[in-house]
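Spelled out, the chains give:
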Amino acid sequence: MPIHSSQGKGRRENLLLAYKTLGVVFGGLVTSPLYVYPSMPLKSPTEDDYLGIYSIMFWTLTLIGVVKYAGIALKADDQGEGGTFALYSLLCRNMNIGILSSRPSTPNSSLSHSIYDEGTEKQSRLAKFFKKSIAARRLLLFIAMLGMCMVIGDGILTPAISVLSAIDGVRAPFPSIKSTVVEALSAVVLIILFLLQKFGTSRVSFLFSPIMGAWTLSTPLVGIYSIISHYPSIFKAISPHYIFRFFWRNGKEGWLLLSGTVLCITGSEALFADLGHFNRSSIQIAFLFTIYPSLVLTYAGQTAYLIKNPNDHNDGFYKFIPTTIYWPIFIISTLAAIVASQSLISATFSVIKQSVVLDYFPRVKVVHTSPSKEGEVYSPEVNYILMVLCVAVILIFGDGKDIGNAFGVVVSLVMLITTILLTLVMVIIWRTPPVLVALYFSIFFVMEGVYVSAVFTKITEGGWIPFAISFILAFIMFGWYYGRQRKIEYELTHKITLDKLGLLLSDPSVQRVPGFCFFYSNIQDGLTPILGHYIKNMKSLHQVTMFTTLRYLLVPKVAPHERIVISKLGLKGVYGCVIQYGYADPLNLEGEEFVSQVTNSLLAHIQDSSGCLPSDPAEIQQEMSNLEEAMSAGIVHIRGKTRFYIGKSCGWFDKIMLAFYEVLHSNCRSALPALGVPLPQRIEVGMLYEA
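So, here's what we can say about the structure.

Examining a nonpolar patch on the surface
A cluster of nonpolar side chains, namely Val188, Ile192, Leu196 and Phe199, defines an oily patch on the protein surface of about 380 Å² accessible area. Mapped onto the elements, Ile192 comes out in helix α7 (residues 179-195). The class for Ile192 is partly exposed, based on a relative accessible area of 47%.

Pasting the structure below:
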């Protein structure tokens, strides 16, 4: 009985989670009927054209939505986390490559026994190739960065196109209303939405699922009514031969129409990206039993209406709504568009947070808006930049077709990037038979490649927007990453070894002053060169000094007992501390809490070190009393404030990139406020690094 009851409870939890996914995961996908047909450059379409278009949309939803995302991608999670970056970190950890270290400091750590490390002894030829080739590793990083940039672009374009398309519905009953009024109303709605972000979504998120549930249920019912009223035999278009007939008849024009049909699968990446907030079963249940049937029926209804009214495609959604239920559907669609926008804004905040903690993006303020949901974050700087860009996209490119063209670029490129990374996962990690890998890659790479080629023809008609956004973001990310790598290289080359530290402290002029000092360092194999600079100039070091490194691992979360790793460095009163975080962990320790956790760990480490030096109980007691004395004398946090000295010998590339990095570094936030360190306890030691 207990087994059956636990299974029943598990099913109920999955069904409840599946209901909740409607309001978070599927907002962009399920609201796509608002703008798919209006985004297509149709010219005097015929019945056969519409049947061909519906067949393309049906098979796109089935192959990419059901097979690729719901069936395959959801299995490629990184310890519960999904998305482009999760695939990248999964590959890096399995191949033991990557810019960031992917292994924790303690050899006994359970993280080092990850299930993905089982195959490292017998790596595939492809894994060995990545390990040897720095160009291949950089290309993999670039692909992952491009995927992250495209998700951020999605966060700008989804609110713009969803809200604009929904509010455009007021023009059907009131044709006298100009498009500029609709654009202004859309901008106002978005500004209000962005201004409310700082309060978090916890208070209103309980409304999200009912709103999206109402939308998901009402649109297919309208679709069924439209099928019965206009074209009952619409489902004959499921036969793929209608696709061949469509392209045979239309040729290049048919290929160009793909830039609009690709929008039917927009938001499908969220199935995978939001995996960390739910679970595989709940997302699969929601998609296969509600979202997929809803979209198939809604598009069938729209197409059935358009076959009988072929010139209404510029307003393909609202025209097929019966007059009696027009206003209720308009209200539901507007609310659904706002919820869809919120989903993508939240996803953008999550992506930025992951990029910041892994040092791929300049440090911005990240606030946790919910005490219970760690994934619910908000960044003030990012929020206002998104708001300005969203409103600018609406006011400058008010035509839904231009925004649709831009959106198509984002959707198709993100899908293609996921296909490439999934293929690598299949080969390197899953060891899938080559025949199946070839079948998967050939179907999806060709299909999505054709879509990408079609949307690229729209570069001049709005398609350049995501490229401009992504190029700027990628340049910022690469500039920041390049500068950070050059700093780490300098620090590793000029690091202070323990022998050198002992030599510095043996100088009679160097005093050990009272107090407990947290000395922050970016490197773990040795000590930061700022330490030598500090001791030589200040002629002192605190009685107890803890060299502290914040270490981000290529795993989503680190277990609490593995968070703080303490070690003795062999010199009196000198210790090492590594604070470990995963990319999905919240870095929300306050100053006092942080200090107490580290000191408690240090006391436990001293007490447990009876098997090591010092082994004498009296010496251990003396060490503990020294620690308590140092803490009572005061706590101080020292970090370096370093800059590059760009001399005449630097090449032009270094001059440009390092100057750009300095601009970013001088305008980003310090790493210490993330730990809530009080201002009076902070000391910054300046030092110039020669480039």
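What to know about the environment of Met148
Mapped onto the secondary structure, Met148 falls in helix α6 (residues 134-167). As a C-alpha pair, Met148 and Gly83 span 65 residues in sequence and 9.0 Å in three-dimensional space. When near neighbours in sequence (up to four residues on either side) are disregarded, Met148 contacts Phe85, Val351, Ser355 and Met477.

Some details on helix α22 (residues 652-667)
For α22, spanning 16 residues, the distance from its first C-alpha to its last is 23 Å, which sits close to the expected 22 Å at 1.5 Å a residue. If you check which residues of α22 are buried, you get Asp654, Met657, Leu658, Phe660, Tyr661, Glu662, Leu664 and His665. Looking at the buried positions of α22, the neighbouring elements they touch are α17 (464-493) and β7 (635-645).

A word on the nonpolar core
Counting residues in each nonpolar core, the largest one holds 179 residues, and the members touching the most others are Phe26, Leu91, Leu140 and Met546. Residue contributions to this core peak at 19 residues, all from α6. Beyond its immediate sequence surroundings of up to four residues, Leu91 is in contact with Leu140, Leu421, Leu424, Val425, Ile428 and Ile429. Ile496, Ile638, Phe660 and Tyr661 belong to the second largest nonpolar core, which has 31 residues in total.

Quick word on the pairing of β7
Bridge count between strand β3 (residues 511-520) and β7: four bridges; the pairing is parallel. Bridged to Cys517 within β7 is Val636. Examined bridge by bridge, β7 and strand β8 (residues 682-690) share nine bridges and lie parallel to one another. Its bridge partner being in β8, Tyr645 is matched across the sheet by Glu690.

Looking at the pattern of salt bridges
For the coordinates displayed, the defined rule picks out 11 salt bridges. Here Arg639 and Glu684 are joined by a salt bridge, their closest N and O atoms 2.8 Å apart. With Arg639 in strand β7 and Glu684 in strand β8, this pair connects stretches of sequence that are 45 residues apart. The exposure class assigned to Arg639 is buried, which follows from its relative accessible area of 11%.

Here's the deal with helix α12 (residues 280-308)
Here α12 contains 29 residues, and its C-alpha end-to-end distance of 41 Å stays within 8% of the 42 Å for a straight helix at 1.5 Å per residue. The principal kink in α12, of about 40°, is found at Phe287.

Let's talk about the sheet that holds β3
The pairing of strands in a sheet happens through backbone hydrogen bonds and is either parallel or antiparallel. Strand order in the open sheet formed by six strands is β5-β6-β4-β3-β7-β8, with mixed pairing between adjacent strands. Looking at the sheet topology across the chains shown, the edges are occupied by β5 (564-568) and β8. On average, adjacent strands in this sheet sit at an angle of 25° to one another, irrespective of strand direction. Contacting β3, β4 (540-553), β7 and β8, helix α19 (residues 529-538) runs over the sheet at an angle of about 110° to β8.

Some words on the packing of α6 against α7
It is at 9 Å that the axes of α6 and α7 come closest, and there the two elements cross at 130°. Compared by their axis directions, α6 and α7 come out oblique. Crossing hand, α6 versus α7: right-handed. Between α6 and α7, the residues in contact are Pro159, Ala160, Val163, Leu164 and Ile167 and Val182, Glu183, Leu185, Ser186, Val189 and Leu190, respectively. Considered class by class, the residues forming the contact of α6 with α7 number nine nonpolar, one polar and one charged.

Calculation rules
- Residues numbered from 1 in each chain as written.
- Predicted model: local features only at pLDDT ≥ 70, side-chain atom pairs only at ≥ 80, totals over all residues.
- Heavy atoms only, no water.
- Patch = residues over 30% accessible without salt bridge, like charges linked within 9 Å, V, L, I, M, F, W, Y side chains within 5 Å.
- Areas by Shrake-Rupley, 256 points an atom, 1.4 Å probe, with all protein chains shown as cover.
- Salt bridge = Lys/Arg side-chain N within 4 Å of Asp/Glu carboxyl O.
- Helix = DSSP H or I, 4+ residues; strand = E, 2+ residues; numbered from the N terminus.
- Buried < 20%, exposed > 50% of the residue type's maximum accessible area, 1.4 Å probe, protein only.
- Contact = heavy atoms within 4.5 Å.
- Expected span 1.5 Å × (residues − 1).
- Core = buried A, V, L, I, M, F, W, Y, C linked by side-chain atoms within 4.5 Å.
- Pairing = 2+ DSSP bridges.
- Bend = angle between axes of the 7 residues up to and from the residue.
- Axes fitted to C-alpha atoms, helices over the stretch in contact; angles between N-to-C directions.
- Parallel < 35°, antiparallel > 145°, perpendicular 65-115°, else oblique.
- Left-handed = near helix turned anticlockwise from the far one by under 90°.
- Nonpolar A, V, L, I, M, F, W, Y, C, P; charged D, E, K, R; others polar.

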